[in-house]
Amino acid sequence: MENNFILQTRNLTIHFGGLCAVDSLNFKVRSGEIRGLIGPNGSGKTTFFNIISGIYKPQEGEVWFNGKNITGKRAFEITRKGIARTFQNNRLFWQLSILDNVMLGMYSHQHARLFDVLLRYGKIRKELKDNAEKAVEILSYFSPELSDLHSRLVSDLSQGDRRRVEICRALASDPKLLLLDEPSAGMSPEETEKLMDDIGKVTEKYPDLSIIIIEHDMMVIERIAQQVIVFNYGKKIAEGSYSEVVTNPEVLEAYLGEELEDAES
Amino acid sequence: MVKKHFGDIGLLFLLQTVFFGLIMVFLIVEKIVLVLSVIFGTIFISFLIVKLKPVNQFLQSLFNKYKKVALCWGVLFILVLPLLLHESPYLIHMLFMAGLYAVLAIGLDFQVGSTHLVNFATAADYGIGAYTAALLAVNFGWSFWVLLPLSGLAAALFGFLLGLPTMKTKTYYLSLVTIAVGLIIYLLLNNLSWTGGPNGIAGIPLPSIGGFSFGSVLNIFGLELPFQANFYYLILAILLVEFIVARRLYNSLIGLSWNAIRDDEIAAQCQGINVTSSKIMAFYTNAFFDGLAGAIYAFSVGFISPENFAFMLSVIVITMVIIGGMGNTTGVIFGATIMTLIPEKFQVVQSYRLWLFAIVILVMLLVRPKGLFPQKIRQYS
């Protein structure tokens, strides 16, 4: 596999029963690139993320990350290698505080050995304190209000803030690849504006970080993504800049087909 | 300024002393009517304190300001209890049992409270610890002090092995597996010849330390305390160790990862948490302390049988965690204490114990599922 790509998939395929959700997918991302991933509902975008992050095992094909074959590895191993993600339906740790959530993002670099916790607790306490400071720093980079209120439960937050915490948690693991799954879902236009600013801040602070972002809101894709890939029925049907892709007849048909179906039912 | 401090401390002292006085009354008094009035009076006052915001806040700030003082006075009271009760060996034994259950409950809290792994095999861990200690003491004469950690390790090994098959299961099915295993252990203890079968194991000697036997009377400040006090102080020491361990686990990435697994297992995996090994760690850390408690129990009563380690015990300990507070160590100690002392006080209730526990669980889960004392938010200075 070529080494200048941070992520590369070859012939990636996964079936669920009779349905082929991702079909012989070849996908490449370079370091520092920001990729948009669009396509009608059910085209396999989130499934693709789930395979990359290790939640699903593909039946065929390979995934290479940072020069290593990570096909079929478990989710926690893949995170520890440097892939972080957010979830469409916001999987935060609801009964924990904002700060705890972000600190858990740092787990991949420290785990926690029972021996140390029991017998070298001074060291553990210092590590936690340092982590807490780093977490507050990450939070305040995006929103000083959030970092001030870091002891609040995440369940008390607005959707915009929840997404912000999720992104901070993902960044806390110092990843090389960030997967954002429909980050603007459930947001008002104002919140979406702020989200785009936040993603801009991410690229500013972490210029080497590669980002793949799934979105239905084309405004976000247009503003953020350098290159866009379009999925349909688990296959890649178009690739290029936003303007190229949006005028591609096959892409239009894929989306129109979805609208027609919605209109008919 | 100084006057205010003294005034506040004096008030704190007074409030705590009144509370301790109530506890003493509850313990000593025997007429059911009086016991009931103490209980209901306490519930009523607690209810008022919780509902009346200004009172609530005042008390909380008072305790937070003078935490060390409150703690010292509380610890002193606990240490001095046997002296106050030196004429009632039965009461001291009851407090010892409350401490024993507290040890079991804090361990179970790692699983039920922090990680939401509802484990019904506490009796099995406890029994393995007890039988390991009893068999090695009676057959090979090993010392209590060697057997104590050994029983913990034996139970921990069992906990680890119990954890493995449950990893393929979720929620209710995990509980079913633990119920089944608990039953298997009970049946094994009841039917294997070398465990003594239904007759159990008798003749477990009393522990001794430096020539002083735990069966002898304890002389403190000229007072003669019945031998039960020795075991009371022993279980306090173990509780202290366990409390420190529980706090360290809680305020560490281990405790955080357990909570993360509880809240969202998939998101937890995606933070780099090896969910399987974290869950198994919850199993064997819980089991270790159950094993310690088992060994202490065996040596304190001198005779054990499979009946002591039946399913009912697991249910009782789970009730204590549910009442006390999931993920709150102090709450769990409180839950264990009241669920031991109250049924003891109401001997009539003994035949209806199952009803009592069932009703309590139902009420708690409906009204306050997180327990009387909910989990505290972690603070990092």
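Residues numbered from 1 in each chain as written. Chains lettered and ligands numbered in written order. Predicted model: local features only at pLDDT ≥ 70, side-chain atom pairs only at ≥ 80, totals over all residues.

Considering the overall build of chain B
Worth spelling out the cut-off: The way it works is that DSSP assigns letters per residue, a run of H or I at least four long becomes a helix, a run of E at least two long becomes a strand, and they are numbered from the N terminus. Residues with at least 20 other C-beta atoms within 10 Å of their own are called buried, those with 12 or fewer are called exposed, and the rest are partly exposed. The C-beta atoms themselves are positioned from the backbone. C-beta atoms are placed from the backbone for every residue, and two residues are taken to be in contact when these atoms lie within 7 Å.
Counting its regular elements, chain B contains 15 helices and 6 strands. When the backbone C-alpha atoms are referred to their principal axes, chain B occupies close to 65 × 60 × 40 Å. Looking at chain B as a whole, 43% of its 381 residues are labelled buried. In chain B, the share of contacts with a sequence separation of at least 24, taken over all contacts with a separation of at least 6, comes to 76%.

Quick look at the overall build of chain A
As a reminder, the rule being used: Throughout, radius of gyration means the C-alpha value; the globule benchmark is 2.2 Å times the number of residues raised to the power 0.38.
Within chain A, the secondary structure is distributed over 12 helices and 10 strands. For 265 residues, the compact-globule formula gives about 18 Å, and the C-alpha radius of gyration of chain A, at 19 Å, lands near that figure. Principal-axis analysis of the C-alpha atoms gives chain A an extent of 60 × 40 × 35 Å. Of all 265 residues assigned to chain A, the portion counted as buried reaches 45%. Contacts spanning at least 24 positions in sequence make up 69% of the contacts within chain A whose residues lie at least 6 apart.

Notes on the sheet that holds strand 10 (residues 235-240) of chain A
Residues and elements named next belong to chain A. Defined as follows: A pair of strands counts as paired when DSSP detects no fewer than two bridges linking them. Lines fitted to C-alpha atoms define the axes, with helix axes restricted to the stretch in contact, and inter-axis angles between N-to-C directions lie between 0 and 180 degrees.
With respect to topology, 6 strands assemble into an open sheet ordered 6-7-8-3-9-10, the strand pairing being mixed. Of all the strands in the sheet, the pair left with one neighbour each is strand 6 (83-85) and strand 10. Direction aside, neighbouring strands of the sheet carry axes that sit 20° apart on average. Its contacts with the sheet put helix 1 (residues 45-52) on strand 3 (34-38), strand 6, strand 7 (177-181), strand 8 (210-214) and strand 9 (227-232), and the angle it makes with strand 7 is roughly 150°.

Things to note about the domain arrangement of chain B
All names here are of chain B. Convention followed: Throughout, the edges of the domains are those of an automatic or database domain assignment. For this classification, Asp, Glu, Lys and Arg are treated as charged, while Ala, Val, Leu, Ile, Met, Phe, Trp, Tyr, Cys and Pro are nonpolar and the rest, including Gly, are polar.
Each assigned domain of chain B is listed with its residue range as follows: domain 1 (1-84) and domain 2 (90-367). Placing the centre of domain 1 and that of domain 2 at their C-alpha centroids yields a distance of 28 Å. Contacts between the two partners involve 6 residues from domain 1 and, on the opposite side, 10 residues from domain 2. A per-element tally of the side of domain 1 that touches domain 2 places helix 4 (residues 67-84) first, with 4 residues. Partitioning the side of domain 1 that touches domain 2 into residue classes produces 6 nonpolar, no polar and no charged.

Looking at the sheet that holds strand 4 (residues 60-65) of chain A
All names here are of chain A. Spatially, 2-1-4-5 is the arrangement adopted by the 4 strands of the open sheet, whose pairing is antiparallel. A strand with exactly one partner marks an edge of an open sheet, and here the two such strands are strand 2 (19-30) and strand 5 (68-69). Two strands pair when backbone bridges link them, and strand 1 (residues 5-16) and strand 2 are joined in this way by 8 bridges, in the antiparallel orientation. Bridge pairing in strand 2 links Leu12 to Leu25. Relative to strand 2, helix 1 is tilted by about 65°, and along the sheet it contacts strand 1, strand 2 and strand 4.

Some details on the pairing of strand 4 of chain A
Residue and element names in this part refer to chain A. As paired strands, strand 1 and strand 4 are joined by 5 bridges and run antiparallel to one another. Across the sheet, the residue bridging to Thr9 is Val63, located in strand 4. Two strands pair when backbone bridges link them, and strand 4 and strand 5 are joined in this way by 2 bridges, in the antiparallel orientation. Its bridge partner lying in strand 5, Phe65 is registered against Lys68. Joining the antiparallel neighbours strand 4 and strand 5 is a turn of 2 residues, in which Asn66 adopts a positive phi near 55°.

Here's the deal with the nonpolar core
Rules: Each nonpolar core consists of buried Ala, Val, Leu, Ile, Met, Phe, Trp, Tyr and Cys residues. Their C-beta atoms, within 7 Å, join them into a set.
B:Val103 and B:Ala105 are the most contacted members of the largest nonpolar core, which totals 179 residues. The element contributing the most residues to this core is helix 5 (residues 89-114) of chain B, with 17 residues.

Observations concerning helix 14 (residues 329-345) of chain B
Residue and element names in this part refer to chain B. Inclusion rule: Multiplying one less than the number of residues by 1.5 Å gives the expected span of a helix.
Between its first and last C-alpha, helix 14 extends 24 Å over 17 residues, near the 24 Å set by a 1.5 Å rise per residue. Among the residues making up helix 14, those that are buried are Thr329, Gly331, Val332, Ile333, Phe334, Gly335, Ala336, Thr337, Met339, Thr340 and Leu341. Against the buried residues of helix 14 lie helix 5, helix 9 (228-250) and helix 13 (311-324).

Focus on the interface of chain A and chain B
Each partner contributes residues to the interface: chain A has 34 residues there, and chain B has 26 residues. Only helix 2 (75-81), helix 3 (98-104), helix 4 (107-110), helix 5 (114-119) and helix 6 (121-142) of chain A provide two or more residues apiece to the side of chain A that touches chain B. For the side of chain A that touches chain B, the element with the highest residue contribution is helix 6 of chain A, accounting for 5 residues. Here the residues of the side of chain A that touches chain B sort into 19 nonpolar, 10 polar and 5 charged.

Some words on unusual backbone geometry
Residue and element names in this part refer to chain A. Notably, Asn11 is not glycine yet its phi reads approximately 55°, a positive angle. As for its position among the elements, Asn11 is in strand 1. Accessibility expressed as a C-beta count within 10 Å gives 12 for Asn11, which makes it exposed.

Overview of the packing of helix 8 (residues 159-172) of chain A against helix 9 (residues 189-205) of chain A
Residue and element names in this part refer to chain A. What counts here: Roughly parallel covers angles under 35 degrees, roughly antiparallel covers those over 145, roughly perpendicular covers 65 to 115, and oblique covers all other angles. For any pair of crossing helices, the crossing counts as left-handed if the nearer helix is rotated counterclockwise from the farther one by less than a right angle, and right-handed if it is rotated clockwise.
Helix 9 packs onto helix 8 with a crossing angle of 15° between their chain directions and a minimal axis gap of 10 Å. Between helix 8 and helix 9, the angle is such that the two are roughly parallel. The way helix 8 lies across helix 9 gives a crossing that is right-handed. Listed contacts from helix 9 to Gln159, Gly160, Arg163, Arg164, Ile167 and Leu171 of helix 8 are Glu191, Lys194, Leu195, Asp198 and Val202. A class-by-class count of the residues in the contact of helix 8 with helix 9 yields 4 nonpolar, 2 polar and 5 charged.

Focus: the environment of B:Glu307
When you line up the elements, B:Glu307 lands in the loop between strand 6 (303-304) and helix 13. Residues B:Glu307 and B:Val245, spaced 62 residues apart in sequence, show a C-alpha to C-alpha distance of 30 Å.

A closer look at the packing of helix 6 (residues 122-140) of chain B against helix 13 of chain B
Residues and elements named next belong to chain B. At a minimum axis separation of 7 Å, helix 6 and helix 13 run at an interaxial angle of 115°. Of helix 13, the residues touching helix 6 (which contributes Thr122, Ala123 and Tyr126) are Phe311, Leu313, Ser314 and Val317. When grouped by side-chain class, the residues that make up the contact of helix 6 with helix 13 number 5 nonpolar, 2 polar and no charged.

Some thoughts on the confidence of the model for chain B
The criterion, for reference: Known as pLDDT, the predictor's per-residue confidence is scaled from 0 to 100.
Of the residues in chain B, 99% reach a pLDDT of 70 or more, and the chain-wide mean stands at 90. In the predicted complex, the global pTM is 0.91; the interface-specific ipTM is 0.92.

As for helix 15 (residues 353-367) of chain B
The end-to-end C-alpha distance of helix 15 of chain B is 21 Å, a good match for the 21 Å that 15 residues give at a rise of 1.5 Å each. Sparse coverage of helix 15 of chain B is indicated by the burial of 1 of its 15 residues.

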